[in-house]
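Coordinates in review
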Amino acid sequence: QVQLVESGGGLVQPGGSLRLSCAASGIIFGINHMGWYRQAPGNQRELVARITSGGSPYYADSVKGRFTISRDNAKNTVYLQMNSLKPEDTAVYYCNAEMRTIPTINSDYWGQGTQVTVSS
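First, a word on scope: everything that follows refers to the structure included in this document. (Residues numbered from 1 in each chain as written. Predicted model: local features only at pLDDT ≥ 70, side-chain atom pairs only at ≥ 80, totals over all residues. Heavy atoms only, no water.)

1. Here's the deal with the side chain of His33
- As for its placement among the helices and strands, His33 is situated in strand S4 (residues 30-39).
- Residue His33 is classed as buried on the basis of its relative accessible area, which comes to 18%.
- The residues contacting His33, other than those within four sequence positions of it, are Arg50, Ile51, Thr52, Arg71, Asn96, Ala97, Glu98 and Asp108. (Helix = DSSP H or I, 4+ residues; strand = E, 2+ residues; numbered from the N terminus. Buried < 20%, exposed > 50% of the residue type's maximum accessible area, 1.4 Å probe, protein only. Contact = heavy atoms within 4.5 Å.)

2. With respect to the state of the cysteines
- One pass over the structure, following the stated rule, counts 1 disulfide.
- Across a sulfur-sulfur distance of 2.0 Å, Cys22 and Cys95 are joined as a disulfide pair. Here the S-S torsion is close to -80°, and the disulfide linking Cys22 with Cys95 is therefore left-handed. Of this pair, Cys22 sits in strand S3 (residues 18-25) while Cys95 sits in strand S9 (residues 91-102), and the two are 73 residues apart along the sequence. Taken individually, Cys22 and Cys95 each receive the classification buried, so the pair is uniform in this respect. (Disulfide = S-S within 2.5 Å.)

3. Side note on unusual backbone geometry
- One non-glycine residue, Asn76, adopts positive backbone phi at about 50°.
- Among the structural elements, Asn76 can be located in the loop between strand S7 (67-72) and strand S8 (77-82).
- You can call Asn76 partly exposed: its relative accessible area is 25%.
- Phi at Ser84 takes a positive value of approximately 50°, unusual for a residue other than glycine.
- Its place among the elements puts Ser84 in the loop between S8 and S9.

Following this line, the structure appears as structure tokens:
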């Protein structure tokens, strides 16, 4: 069974840092892009950052200069380093990956979500 397992969420004060991790497990023939979305109460899920298989990143304007996405292809893992956190970053963060669990078919997978709360 293929799954994405996230870790690293929690409570942090404004200005603080957190690092999220997401590891893909199971029988995987390849992973295309990996990324992080977030959803705050009453809001739609939004893309925070994404990284291609070649390592090219994309960031939402709201997190540019504060968040850094990276991946370790050998470990099928994506990371999100979040610095200078603000209260408006509070949300459930979801890992996303487009993976081939059947050799010729790409499918979207989601993690279960991890809560990030920025509050004093």
